[in-house]
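Coordinate inspection notes
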Amino acid sequence: MAKRLLVETRPKETRLALVEDGRLLELSIEREAKDTLTGSIFVGRVDNAIRGMEAAFVDIGLDKNAFLPLEIGENGKKLSVSAGQDVLVQVVKIPGGEKGARLSTEISLPGRMCVLMPNSSYSIGISKRIESEEERKRLFGIARELVPKDMALIVRTAAEGAEREALKKDVNTLLCQWEDIKRRSQVLKGPALIKRDDDQIMRAVRDHLTEDVEEMLFEDEEAFHKGLNACDIISADMKCKLRLSQDEIPLFKRFSVPSQIEKALSRRVWLKSGGYLIFDKTEAMTVIDVNSGKYTGNKTLSDTIFRINMEAAEEIALQLRLRDIGGIIIIDFIDMDTADKKAKLLDFMREKLKNDPTHTKLGGITSLGLVELTRKKKREPIASYLKSPCPVCAGAGEVTSLESAAYDAAGEIYAKNRANEGIFLLKASKRVIDAFIEIGFDLTMEAYALEDKSLPTHEYTVQKIAKADITDKMTPIGRR
């Protein structure tokens, strides 16, 4: 299956798409005005340490203080900090909603083949995606020789089959980065940025430009040279995969990316079978509802439900990655009648989630038939870049019905007439006026309606007018 990385460059924005056989798997957007924080390293100034919460609030130069848990690692070791103290931290979770960024004092420095954790307890980890036990032992032995005894190292999937010298070069680059970070942190006072996370093109070359990627296509010459420079730093043997497109058709359009982005922004996602998914988001979690829709099947009801759920599981795994949804995720699959089918569904979804480079943890099925999972939140979801809350419904997804708007308008006319009798004019959209007339309010005062195209569909105004203000364009809606 052919994988491609597509880089679309716009003024002050870069978009990167990972496609496989024409299907969009991943999309990331980077804007100058909305810089990615995750992975950036700061010297922060502790503003307040709250022992009861086992947490500190740290000023790293953002509008809102960041949150630093005082319990670090799985051994429950406590971090001791006090107000006014400077501390070296890394952003592990972006700010969201009312919450500030989440920090850690356990620094991680990612390379192409390894991730160095220079101030963590000595340990070596090997990517679970490297399945060969012989290869895992080989890489463990090399890593043990290369990493200093007071540091931790994770060997990434990209290291599979790599020679010792390539791994050594990667580790040495990360050790040099750490020395530079330490030196700068001793000079700068908080709040101060020590190291910004790599830009999007550098991250793409580091994390996505692997052996199974056929090519990385650019349509902008400056971005293309950025990619070449990134290869020089990270992996020179990958330069041959970088190409500057000469096609007149825009890169994303040629691979049908815009239409697939639109699908990733939709609340409803249709499945091939005729079933569909509904995505709803709260501040704390994302809820996904699986529905049978138009699919009826040609077997038993039990088999039909199982097939829809299996198709939904595959699509959900893709959509989580494509939308870059993080945090708690609850999935309401269609109820199944046997434990065997439930187990098969979970195993199938667990297998599909392995394709997601972002750490995802799948739980079981609750007593209510819900599937729970968590996905690490690294960056803002794609929708936050491309969508904004509706100014009409204030993000609720619903507006006042036409019928309710008509009843409210009638009530306001009565209230205004009781306070000060006169002639009243209802200004509203044609749809509200039509609903008002259809209901047939028996208004006991003189009143008129006038279409106002500048008003949103469900809104209206009621005002008192003089006899001389009445025109032929006004529709009588009360007694004359």
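Figured I'd write up the structure that's included with this text. Not measured: the values here are computed from a predicted model.

What counts and what doesn't
- Here the residue numbering is sequential within each chain, running from 1 through the sequence in written order.
- The predicted origin of the model limits local features to residues at a pLDDT of at least 70 and limits the giving and counting of side-chain atom pairs to 80 or more, whereas totals for whole chains, interfaces and linings rest on all residues.
- Note that water and hydrogens are dropped before the side-chain values are worked out from all heavy atoms of the structure.
- The way it works is that DSSP assigns letters per residue, a run of H or I at least four long becomes a helix, a run of E at least two long becomes a strand, and they are numbered from the N terminus.
- Here, the term disulfide refers to a pair of cysteine sulfur atoms separated by no more than 2.5 Å.
- Think of it in three bands: with a 1.4 Å probe and only protein chains considered, a residue is buried below 20% of the maximum accessible area for its type, exposed above 50%, and partly exposed in between.
- Any two strands are treated as partners once DSSP identifies two or more bridges connecting them.
- Helix axes are fitted only over the stretch in contact, all axes being lines through C-alpha atoms; the angle between N-to-C directions runs from 0 to 180 degrees.
- Each reported salt bridge corresponds to a side-chain nitrogen of Lys or Arg within 4 Å of a carboxyl oxygen of Asp or Glu.
- Only protein atoms enter the 1 Å grid, on which a cavity is a set of points fitting a 1.4 Å probe that cannot get out and a pocket is an open set with protein on both sides within 12 Å along at least 5 of 7 lines, lining residues being those with an atom within 4 Å of a point.
- Grid points are joined across faces, edges and corners, and a volume is the space filled by probe spheres set on the points.
- In what follows, residue pairs with any heavy atoms lying within 4.5 Å of each other are defined as contacts.

1. Some details on unusual backbone geometry
- Residue Pro-191 follows Gly-190 across a cis peptide bond; omega there is 0 degrees.
- As for its position among the elements, Pro-191 is in the loop between α2 (164-187) and β15 (192-195).
- One non-glycine residue with positive phi stands out, namely Ser-256, at about 55 degrees.
- Here Ser-256 is to be found in the loop between α5 (251-254) and α6 (257-265).

2. A closer look at the state of the cysteines
- Per the stated rule, a full pass over the model turns up 0 disulfides.
- Of all cysteine sulfurs, the one in Cys-176 lies closest to Cys-114, which takes part in no disulfide; the gap is 14 Å.
- On the accessibility criterion, Cys-114 (1% relative accessible area) is buried.
- In this structure Cys-240 is not part of a disulfide, and its nearest cysteine sulfur, from Cys-231, lies 8.6 Å away.

3. Structural notes on the sheet that holds strand β17 (residues 242-244)
- A sheet is described by the order of its strands in space; here 5 strands give the open sequence β3-β2-β1-β16-β17, paired in mixed fashion. The open sheet has two edge strands, β3 (23-31) and β17, and neither has a second partner. For this sheet, the mean angle separating the axes of adjacent strands, direction not counted, is 20 degrees.
- Summarising the sheet, strand β16 (residues 213-218) and β17 pair through 3 bridges and their orientation is parallel.

4. Looking at the pattern of salt bridges
- The tally for this structure, following the rule as stated, stands at 36 salt bridges.
- The partner of Lys-354 in a salt bridge is Glu-351, and the shortest N-O contact between them spans 3.4 Å.
- Looking at Lys-354, the relative accessible area reads 45%, which means it is partly exposed.
- A network of salt bridges, in which partner residues are shared, links Arg-156, Lys-195, Asp-198, Arg-206 and Asp-207.

5. Considerations on empty space enclosed by the protein
- In the structure shown here, the tally under the stated rule is 1 cavity of 30 Å³ or more.
- Around the largest cavity, the lining residues are Leu-27, Ser-28, Ile-29, Asp-324, Arg-379, Glu-380, Ile-382 and Tyr-385.
- The set of elements that each furnish at least two residues to the lining of the largest cavity consists of β3 and α9 (382-386).
- Looking at which element gives the most residues to the lining of the largest cavity, the answer is β3, with 3 residues.

6. Quick notes on the environment of His-458
- Within the fold, His-458 resides in the loop between β25 (447-451) and β26 (460-465).
- With 268 residues separating them along the chain, His-458 and Gly-190 place their C-alpha atoms 51 Å apart.
- In contact with His-458, other than residues within four places in its own chain, are Val-392, Val-399, Thr-400, Ala-405 and Val-432.

In short, shape yes, function no, at least from these values alone.
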